[in-house]
Amino acid sequence: IVHQSDMKYQEQIDTVFKKRLLAMMRSCQRFFEQHGIKYYGGYGTVLGAVRHGGFIPWDDDLDLHMMREDYNRLIALNGELEKTGYRFVCIENDNTCYYPFGKIIDLSTSLWEFAKFPYMSGIYIDVFPLDNVAGTKDEYEQKRKEFQDLHRKHCLALEKPRLRRFIRDCIYWDFPDGLNRLRYYNKRVREKEHNMYYRRLLASIDTFNHSVGAYCTYFPEGPFFDRNWFLRPQELKFEDIKLPAPGDYDTYLTLLYGDYMTPPPPEKRNLTHGHARQYLNLNQRVSIEQARKDIRKGRKLIY
């Protein structure tokens, strides 16, 4: 295995990675159609389809939106999905998951993203649930802040306790988190509080969706999307496949990115997720323990 700094090797991995993602998307599309699950391209995937006809050259993932009812159906159908070689992971079905949204992962691959979370994923497609919005913007902002605070505490209890993180928190005046990091050296305390915040997080999610509403949103981040964009989607070409996208994708992309047809300057075209990979194995499913052994041997990126 060549050292990670070898750019040619990185490019080869990027090519294989994207081919696997497209194959994964084709398989998922068949599964969605078989089970009547509605889905839509989202975020950088829509931007890539419109501006580049596929992947943004310096991006390496696929983003989907699902209305909450379809998102929940995908959770319920996880057993069937696993028969196809994939798994849907999210907070609702995995209390060790630290993402505030769902990921469809390829069970024949291994991907460890952040060192502070010893969580083995695989190459993935992000799935962002959309909830109908009711109430005022101030009410939405309050609910969003409450969710973000609960999610932060949930993740803090999942982190491996490290003294240097405690010191960093104290330096930057984040004493509550710093204190918890210190307390979480006691495994029983950490597990007890994690379970508490996890239950509160699930209860918070249950309050998001409303039966009616002219707008919908991905609650942890926003902004508001016109619900009609998803009731009347438009098909876009993405590489060699087609994806349904928000009907008024111009307004959708402008809302998210402003002048979206103008690419960022070269110095800002950084690989969005690749920098975070602690370990990537495109050949097999391995445990965190095996990943650590491979990393010690200099085998961090394997394809």
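This text follows the structure it describes.
Residues numbered from 1 in each chain as written. Predicted model: local features only at pLDDT ≥ 70, side-chain atom pairs only at ≥ 80, totals over all residues. Heavy atoms only, no water.

Q: How would you explain the overall build of the chain if you had to name every residue and give the values?
A: Of regular secondary structure, the chain possesses 11 helices and 12 strands. Relative to the globule expectation of 19 Å for 303 residues, the C-alpha radius of gyration of the chain, 20 Å, shows essentially globular dimensions. With respect to the principal axes defined by its C-alpha atoms, the chain has extents near 50 × 50 × 45 Å. For the chain, with 303 residues in total, the buried portion stands at 49%. Counting only contacts in the chain whose residues sit at least 6 apart along the sequence, the fraction spanning at least 24 positions is 65%. For the chain, the computed accessible surface area is about 15,200 Å², with 52% contributed by carbon and sulfur atoms. Here the chain contributes 47 positive and 41 negative side-chain charges, whose respective centroids are spaced 7 Å apart. (Helix = DSSP H or I, 4+ residues; strand = E, 2+ residues; numbered from the N terminus. Rg over C-alpha atoms; globule rule 2.2 N^0.38 Å. Buried < 20%, exposed > 50% of the residue type's maximum accessible area, 1.4 Å probe, protein only. Contact = heavy atoms within 4.5 Å. Areas by Shrake-Rupley, 256 points an atom, 1.4 Å probe, with all protein chains shown as cover. Lys, Arg positive; Asp, Glu negative; His and termini not counted. Charge placed at Lys NZ, Arg CZ, Asp CG, Glu CD.)

Q: Hey, could you go over empty space enclosed by the protein for me, with residue numbers and the actual values?
A: This structure, assessed with the given rule, holds four cavities of 30 Å³ or more. Space inside the largest cavity adds up to approximately 80 Å³. Lining the largest cavity are 14 residues, and of these Arg-68, Glu-92, Pro-100, Pro-129 and Ile-205 lie nearest its centre. The residue inventory of the lining of the largest cavity, partitioned by class, reads 12 nonpolar, no polar and two charged. (1 Å grid on protein atoms, 1.4 Å probe; cavity = no way out; pocket = protein on both sides within 12 Å on 5 of 7 lines; lining within 4 Å. Points joined across faces, edges and corners; volume = space filled by probe spheres on them. Nonpolar A, V, L, I, M, F, W, Y, C, P; charged D, E, K, R; others polar.)

Q: Requested: an account of the state of the cysteines, with residues and values cited.
A: What the rule picks out here adds up to zero disulfides. No disulfide involves Cys-28; its sulfur sits 14 Å from the nearest other cysteine sulfur, which is in Cys-90. With no disulfide of its own, Cys-97 has Cys-90 as its nearest cysteine by sulfur position, at a separation of 6.8 Å. (Disulfide = S-S within 2.5 Å.)

Q: Before we move on, could you go through the packing of aromatic side chains and cite the residues and values that matter?
A: All told, the structure shown has 23 aromatic pairs when counted by the stated rule. When the centroid spacing of 4.9 Å and the interplanar angle of 45 degrees are considered together, the rings of Phe-32 and Tyr-39 count as tilted. By relative accessible area, which is 8% here, Tyr-39 ends up buried. Both rings, one in Tyr-43 and one in Phe-128, keep their centres 4.9 Å apart while their planes meet at 80 degrees; by these two values the pair is edge-to-face. Taken as a pair, Tyr-43 in helix 2 (residues 43-52) and Phe-128 in strand 6 (residues 124-132) lie far apart in primary sequence, 85 residues in all. An identical accessibility class is assigned to Tyr-43 and Phe-128; each is buried. Grouped by ring-pair contacts, the aromatic residues Tyr-43, Tyr-98, Tyr-99, Phe-101, Phe-114, Phe-117, Tyr-119, Phe-128 and Tyr-218 constitute a single cluster. (Phe/Tyr/Trp six-rings, centres within 6.5 Å; stacked < 30°, edge-to-face > 60°.)

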